[in-house]
Amino acid sequence: MSRRVHVAAAVIRDASGCVLLARRPLDKHQGGLWEFPGGKVEAGESVEQALARELDEELGIRVTRARPLIQISHDYPDKQVLLDVWLVEAFEGQPHGAEGQPLVWVAPHALSDYEVPQANTPIVRAAQLPDRYLITPERLAENELLRGVERAIEAGITLVQLRLPDVDEATYRRLAGLVMERCDDRATLMLKGPLAWASDFPRAGWHLTAAQLDQLPKGVRPLPSDRLLGASCHDATELAHAVALDVDFVTLSPVCQTETHPHASAIGWAQAAEWVRHLDRPAYLLGGLGPGDLMRAWHSGAQGVAAIRQLWPAEPSLRSPVDH
């Protein structure tokens, strides 16, 4: 096998949230397909330096704010690549095809409509997913649950898992319908439970438990590609099972000790980063983490953080303001 080509690539967002794609020249590897701009990391360059140089040369822009998004290793029949993908959140200049390549700005949900090289497929999903994944707390009254979901969405949460392990099937299914109404087109709802329920909730994604991962046949994705599929993982074996099922993302836990699972052995940041960097798909780190850990999660190769209490909005004070 030839030496793996190290490539710096960029998911570039404009002020409206659209993402920039460029079409590869017909005479190049994977010619004619759409790609995320970037290029080869030269000897002696850091990924950041290579990205800045390539985007200046290809698009005529200067990066002013960027962070790691995902790292992907992929083997084509004729080429092996390592993609270091960064999210470019701010830049100076007007992007244009300096090398004559066509460009297009695409809404994140429409990225799946564009044919990209196979190695870019996980990048599409990473570009579509947020950096925070809210998991609902247990043992809430119904009105508390629904109010909390509404407040979380208003605060910017766009990915919600309805986790209610202590309720019966009928209650879960009823609450799933009510939470789906709150999410509407503003957030994606991930449900948990038997996959037989999935057809009853066609607008929801599904989050598999580790037990479900172990029971499902390898190599057979249990949901169509237009349904978001996640999985709970706790070690390298479960991560491998998730990849074999072609899930769109995983949660990896517990990274740190938690009050809710005090006897579970923490993975630790170093081991989590090692596993995530070889995963080739988005991962949310979970367990004792919150928004304050986002930067460390990004630089560990993760999509972001998943959390219950640290992402759940507090009830507003019911006390009346003091009269003056």
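Bear in mind that the values here come from a model prediction, so they are computed numbers and not experimental data.

A.B. asks: Explain the side chain of Gln-212 to me, and be specific about the residues and the numbers.
C.D. replies: Positionally, Gln-212 belongs in helix H5 (residues 210-215). Residue Gln-212 is classed as buried on the basis of its relative accessible area, which comes to 14%. A polar contact of 2.9 Å, which involves the side chain of Gln-212, links it to the backbone oxygen of Gly-193. Beyond its immediate chain neighbours, meaning those up to four positions away, Gln-212 contacts Gly-193, Pro-194, Leu-195 and His-207.

A.B. asks: So, the sheet that holds strand E3 (residues 34-35): which residues are in play, and what are the values?
C.D. replies: Overall, antiparallel pairing links the three strands, which are arranged E3-E2-E7 in an open sheet. Lying at the two open borders of the sheet, with one neighbouring strand each, are E3 and strand E7 (103-106). The sheet contact formed by strand E2 (residues 19-23) and E7 spans four bridges and is antiparallel. Residue pairing for E7: Val-19 is matched across the bridge by Val-106.

A.B. asks: Requested: an account of the packing of helix H3 (residues 142-154) against helix H4 (residues 169-183), with residues and values cited.
C.D. replies: One way to put it is that H3 packs onto H4 with a least axis distance of 9 Å and a crossing angle of 25°. Relative to H4, the element H3 lies roughly parallel. H4 is crossed by H3, and the crossing has right-handed handedness. Where H3 approaches H4, its residues Glu-142, Leu-145, Leu-146, Val-149, Glu-150 and Ile-153 are matched on the opposing element by Arg-174, Leu-175, Leu-178, Val-179, Arg-182 and Cys-183. Considered class by class, the residues forming the contact of H3 with H4 number eight nonpolar, no polar and four charged.

A.B. asks: Account for the nonpolar core, naming residues and giving values.
C.D. replies: Counting residues in each nonpolar core, the largest one holds 54 residues, and the members touching the most others are Leu-162, Leu-191, Trp-206, Leu-208 and Leu-285. Setting aside residues no more than four positions away along its own chain, Leu-162 makes contact with Thr-136, Leu-145, Tyr-172, Leu-175, Ala-176, Val-179, Leu-189, Met-190, Leu-191 and Lys-192.

A.B. asks: Help me get a handle on the side chain of His-74, residues and values and all.
C.D. replies: Among the secondary structure elements, His-74 is positioned in strand E5 (residues 62-75). On the basis of relative accessible area, His-74 is assigned to the buried category, the value being 15%. Every residue in contact with His-74, bar those within four places of it in the chain, is listed here: Arg-4, Lys-79, Gln-80, Val-81, Gln-118 and Ala-119.

A.B. asks: Quick rundown of the environment of Val-220? Include the residues and the values.
C.D. replies: With respect to the element layout, Val-220 can be found in the loop between H5 and strand E12 (229-233). As a C-alpha pair, Val-220 and Ala-244 span 24 residues in sequence and 7.7 Å in three-dimensional space. Setting aside its immediate chain neighbours within four residues, Val-220 contacts Ala-244 and Leu-245.

A.B. asks: For the packing of aromatic side chains, give the residues involved together with the corresponding values.
C.D. replies: Tallied over the entire structure, the rule returns five aromatic pairs. The interplanar angle of 40° and the centroid separation of 5.8 Å between the aromatic rings of Tyr-172 and Trp-197 together place this pair among those described as tilted. On the criterion of sequence distance, the pair formed by Tyr-172 in helix H4 and Trp-197 in the loop between strand E10 (188-191) and strand E11 (205-208) is long-range, its members being 25 residues apart. Its relative accessible area of 5% is what places Tyr-172 among the buried residues. Look at Phe-249 and Tyr-284: their rings are 5.5 Å apart centre to centre, the planes differ by 90°, and that puts the pair in the edge-to-face class. Taken together, the residues Phe-249 in strand E13 (residues 249-252) and Tyr-284 in strand E14 (residues 283-286) connect sequence positions 35 residues apart. Here Phe-249 falls in the buried class, since its relative accessible area comes to 0%. Pairwise contacts between aromatic rings join Tyr-133, Phe-249 and Tyr-284 into one cluster. In this arrangement the basic side chain of Arg-67 is found over the ring face of Trp-298, its NZ or CZ atom lying 3.8 Å from the centre. In this structure, Arg-173 is placed above the aromatic ring of Trp-197, and the distance from its NZ or CZ to the ring centre is 5.5 Å.

A.B. asks: Pulling in residues and values, what's your account of the pattern of salt bridges?
C.D. replies: Taken as a whole and judged by the stated rule, the model has 20 salt bridges. Measuring nitrogen to oxygen at the nearest pair gives 2.9 Å for the salt bridge that ties Arg-174 to Glu-142. On the criterion of sequence distance, the pair formed by Arg-174 in helix H4 and Glu-142 in helix H3 is long-range, its members being 32 residues apart. One network of salt bridges, with partners in common, ties together Glu-45, Arg-53, Glu-54 and Glu-57.

A.B. asks: Quick one: what's the story with the sheet that holds strand E4 (residues 38-40), residue by residue and with numbers?
C.D. replies: Reading across the sheet, the four strands line up as E4-E1-E6-E5 and stay open at both edges, with mixed pairing between neighbours. Strands at the two margins of the open sheet, each flanked by one partner only, are E4 and E5. Adjacent strand axes in the sheet meet at a mean angle of 20°, parallel and antiparallel pairs treated alike. Along the sheet, helix H1 (residues 47-59) contacts strand E1 (5-12), E4, E5 and strand E6 (80-92); its crossing angle with E1, the most-contacted strand, is approximately 65°.

Rules behind the numbers
Residues numbered from 1 in each chain as written. Predicted model: local features only at pLDDT ≥ 70, side-chain atom pairs only at ≥ 80, totals over all residues. Heavy atoms only, no water. Helix = DSSP H or I, 4+ residues; strand = E, 2+ residues; numbered from the N terminus. Buried < 20%, exposed > 50% of the residue type's maximum accessible area, 1.4 Å probe, protein only. Polar contact = N/O pair within 3.5 Å; in protein donor to acceptor, adjacent residues only side chain to side chain. Contact = heavy atoms within 4.5 Å. Pairing = 2+ DSSP bridges. Axes fitted to C-alpha atoms, helices over the stretch in contact; angles between N-to-C directions. Parallel < 35°, antiparallel > 145°, perpendicular 65-115°, else oblique. Left-handed = near helix turned anticlockwise from the far one by under 90°. Nonpolar A, V, L, I, M, F, W, Y, C, P; charged D, E, K, R; others polar. Core = buried A, V, L, I, M, F, W, Y, C linked by side-chain atoms within 4.5 Å. Phe/Tyr/Trp six-rings, centres within 6.5 Å; stacked < 30°, edge-to-face > 60°. Lys NZ or Arg CZ within 6 Å of the ring centre and 35° of its normal. Salt bridge = Lys/Arg side-chain N within 4 Å of Asp/Glu carboxyl O.

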